[in-house]
Amino acid sequence: MPDEIFELLENRKSYKKKIKGLTEKYKYVVFYGCGTIYDNIVDKWLEHMDRPIDYCCDSDPKKWGKYFNGVVCLSPEELKNIKSDCVVFVTISFFSPIFNYLRSAGFPSINLIYKYDLVASAFLDEHDNEIVGNQLKSARRLFSDARSRQVFDTIVKRAIGGGEDINLMPSICEPNQYFVPNLMPLSDDECYVDIGAYDGDTLRHFTSASQGKFEKIHAFEIDPDNYRQLAKSASDLPNSDRIHTHNLGIWDTECDINFSEGKSDTTIGYGKKIAHVVPLDSILAGQKVTLIKMDIEGAELHALSGAQNTIRKQNPKLAICVYHHISHLWKIPLYIRELLPDHKLYLRHHTNLEYETVCYAIPPEHKQ
């Protein structure tokens, strides 16, 4: 794969132009699936594409006739009436049954839509292939096992090579995000820092994986609505007196900053809401840290920079999301290597779409 990276970059076709070409070919643009994935992609679609979404569709009868992000939801039967005139983008994680249904019904154009590839397409259009290729090769060399390199290569083939096989991402998907057995060791005295704690979903996974045995948890969530759910979830967990929740964002400096509200993808640095952000080095001020997880919609590099003293001094395990921007596929592993030169780095992917790719950094004393 390393020798193929430059060839893929040289022959790369703009993903944005490809999607735009499909929308120009058909009268109607339809998104199938009116859930979280659909909610999270609408803004990026409107930002990067020149035309609106005409209809959405869902198998749930309760959604028929209602509006989702300003778009009316059709029933599958209603959608069949315009099947020859529409391009369909499936926005469901477990998409195979929907693809099979639409194919059997004779729909001419059925596609996945990769939110972050729309962003990557614009970025790659503006950057030198040689520089990007060298950075990708440097990052690929950092990973400690063949599975990591397979995950890396598959993402490159999809995002840069334009791989159209819908089974690409399912082929590398595996369960237990952040707490992968035989990869992420958990002791009874973990001091776990959850950055981007959302509504407490990862806290629940952590307490399950650790069997409720830990020394301390610090959970950070910037969105007030999500934070209220997080605080409630934390209070219901085992050893809740050891769980500290913070309605703060983690950044590289302390300041007030804009953020955009989202059910599961609050983004720091954009939007109309204002929140307070702090460096982890400041807020924890030398407290014991053994494990840090980050899923903060593209703010990971800022947060890592603001946690660099903690990371360098305490050598924690890391689980850092790298899927929010194509450059994070190389920038985050390369930066982690600067901070933790002796840790082993791994890459794992945890959904059937482009979401939830995680770089893991594990101390060398842990045996695989």
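Preceding block: the structure.
Being a predicted model, the structure only gives us computed values, none of them experimental.

What counts, and at which threshold
Residues numbered from 1 in each chain as written. Predicted model: local features only at pLDDT ≥ 70, side-chain atom pairs only at ≥ 80, totals over all residues. Heavy atoms only, no water. Helix = DSSP H or I, 4+ residues; strand = E, 2+ residues; numbered from the N terminus. Rg over C-alpha atoms; globule rule 2.2 N^0.38 Å. Buried < 20%, exposed > 50% of the residue type's maximum accessible area, 1.4 Å probe, protein only. Contact = heavy atoms within 4.5 Å. Areas by Shrake-Rupley, 256 points an atom, 1.4 Å probe, with all protein chains shown as cover. Lys, Arg positive; Asp, Glu negative; His and termini not counted. Charge placed at Lys NZ, Arg CZ, Asp CG, Glu CD. Salt bridge = Lys/Arg side-chain N within 4 Å of Asp/Glu carboxyl O. Pairing = 2+ DSSP bridges. Axes fitted to C-alpha atoms, helices over the stretch in contact; angles between N-to-C directions. Core = buried A, V, L, I, M, F, W, Y, C linked by side-chain atoms within 4.5 Å. Parallel < 35°, antiparallel > 145°, perpendicular 65-115°, else oblique. Left-handed = near helix turned anticlockwise from the far one by under 90°. Expected span 1.5 Å × (residues − 1). Phe/Tyr/Trp six-rings, centres within 6.5 Å; stacked < 30°, edge-to-face > 60°. Lys NZ or Arg CZ within 6 Å of the ring centre and 35° of its normal. Nonpolar A, V, L, I, M, F, W, Y, C, P; charged D, E, K, R; others polar.

Participant: Just to check I follow, could you spell out the overall build of the protein chain for this structure?
Facilitator: Helices and strands together make up the secondary structure of the protein chain, namely 14 helices and 17 strands. On C-alpha atoms alone, the protein chain measures out to a radius of gyration of 21 Å, which is about the 21 Å that the 2.2 N^0.38 rule sets for 368 residues. Counting over 368 residues, the protein chain shows a buried share of 56%. Taking all contacts inside the protein chain whose residues are at least 6 apart in sequence as the whole, residues at least 24 apart take part in 69%. Surface exposure of the protein chain reaches about 16100 Å², of which carbon and sulfur atoms provide 47%. Here the protein chain carries 43 positive and 51 negative side-chain charges, and the mean point of each set is 3 Å from the other.

Participant: Explain helix α6 (residues 115-125) here, please?
Facilitator: Because the α-helix completes a turn every 3.6 residues, residues three or four places apart line up on one side. Within α6, nine of the eleven residues are buried, which leaves it mostly tucked inside the rest of the structure. Those residues of α6 not exposed but buried are K115, Y116, D117, L118, V119, A120, S121, F123 and L124. Elements in contact with the buried residues of α6: α1 (2-10), α2 (15-25), α3 (36-48), α7 (129-140), α8 (146-159) and α14 (328-339).

Participant: Which parts of the structure should I look at to understand the pattern of salt bridges?
Facilitator: Where charged atoms from two side chains of opposite charge approach closely, those side chains can pair. By the definition in use, this model includes 19 salt bridges. In this structure, K288 engages E215 in a salt bridge whose closest nitrogen and oxygen atoms are separated by 3.0 Å. Placement of the pair is K288 in the loop between α11 (280-284) and β14 (291-294) and E215 in the loop between α9 (201-209) and β8 (216-220), with a sequence separation of 73 residues. Connected via shared salt-bridge partners are D145, R147, E174 and R348.

Participant: Explain the environment of K273 to me, please; I cannot follow it from the model alone.
Facilitator: By the secondary structure assignment, K273 is in strand β13 (residues 273-278). Sequence separation between K273 and F259 is 14 residues; the distance between their C-alpha atoms is 5.3 Å.

Participant: Please explain the sheet that holds strand β7 (residues 191-195) as it appears in this structure.
Facilitator: Strands pair in a sheet through their backbones, by hydrogen bonds, and they do so in one of two ways: parallel or antiparallel. Pairing within the open sheet is mixed, and its seven strands lie in the order β9-β8-β7-β14-β15-β17-β16. Among the strands making up the open sheet, the edge pair consists of β9 (243-246) and β16 (344-349). Between one strand axis and the next, the sheet turns through 10 degrees on average, direction left out of account. In the sheet, strand β15 (residues 317-321) pairs with strand β17 (residues 357-362) via four bridges, with the strands oriented antiparallel. Paired with I320 across the bridge in β17 is C359. Each of β16 and β17 is contacted by α8, which is oriented at about 50 degrees to β16, the strand it contacts most. Along the sheet, helix α10 (residues 224-235) contacts β8 and β9; its crossing angle with β9, the most-contacted strand, is approximately 175 degrees.

Participant: Just to check I follow, could you spell out the nonpolar core for this structure?
Facilitator: Buried together is how nonpolar side chains tend to be arranged in soluble globular proteins. In terms of nonpolar packing, the biggest core is built from 129 residues, with L79 and I336 touching the most fellow members. Looking at which element gives the most residues to this core, the answer is α14, with six residues.

Participant: Help me understand the packing of α1 against α7 in this model?
Facilitator: Orientation of α1 relative to α7, taken along the N-to-C sense of each, is 150 degrees, at an axis distance of 9 Å. When the axes of α1 and α7 are compared, the pair comes out roughly antiparallel. Considering the relative orientation of α1 and α7, their crossing is right-handed. Here α1 contributes P2, I5, F6, L9 and E10 to the contact with α7, which in turn contributes N129, E130, V132, G133, N134, L136, K137 and R140.

Participant: Help me understand the sheet that holds strand β2 (residues 55-57) in this model?
Facilitator: One open sheet accounts for six strands, arranged β3-β4-β2-β1-β5-β6; its pairing is mixed. With one partner strand each, in any of the chains shown, β3 (67-68) and β6 (110-112) form the two edges of the open sheet. Note that β2 and strand β4 (residues 71-74) share two bridges and pair parallel. Pairing of C56 across the sheet is with C73, part of β4. Each of β1 (28-32), β5 (86-90) and β6 touches α2; the most contacted strand, β5, lies at about 135 degrees to it. Against the sheet, helix α5 (residues 96-104) engages β1, β5 and β6, with an angle of about 160 degrees to β6.

Participant: Help me understand α14, please; the structure alone is not making it clear to me.
Facilitator: The end-to-end C-alpha distance of α14, which contains twelve residues, comes to 16 Å, matching closely the 16 Å that a straight helix rising 1.5 Å per residue would cover. The set of residues buried in α14 consists of H328, L329, W330, I332, P333, Y335, I336 and L339.

Participant: Help me understand the pairing of β13, please; the structure alone is not making it clear to me.
Facilitator: A regular strand places its side chains on the two faces of the sheet in alternate fashion. Judged from the two bridges that link them, strand β10 (residues 249-250) and β13 form a sheet pairing that is parallel. Residue pairing for β13: G249 is matched across the bridge by V277. Both strand β11 (residues 255-260) and β13 contribute to a ladder of five bridges, which runs antiparallel. Bridged to I257 within β13 is A275.

Participant: Can you help me understand the packing of aromatic side chains in this one?
Facilitator: By convention here, two paired aromatic rings are described through the distance between centres and the angle between planes. The full count for this structure, using the stated rule, is 17 aromatic pairs. The structure contains a cluster of three or more aromatic residues connected by ring pairs, namely Y178, F179, Y192, F206 and F214. Just above the ring of Y114 sits the side chain of R158; from NZ or CZ to the centre is 5.1 Å.

Participant: In this structure, what is going on with the packing of α7 against α14? I would like to understand it.
Facilitator: Any two packed helices are characterised by the angle at which their axes cross and by the distance between the axes. Where α7 contacts α14, the axes come no closer than 9 Å and their chain directions differ by 50 degrees. By the angle class used here, α7 and α14 are oblique. Considering only the axes of α7 and α14, their crossing is left-handed. Contacts between α7 and α14 pair V132, Q135, L136, S138 and A139 from the former with L329, W330 and L334 from the latter. Of the residues contributing to the contact of α7 with α14, the split by class is six nonpolar, two polar and no charged.

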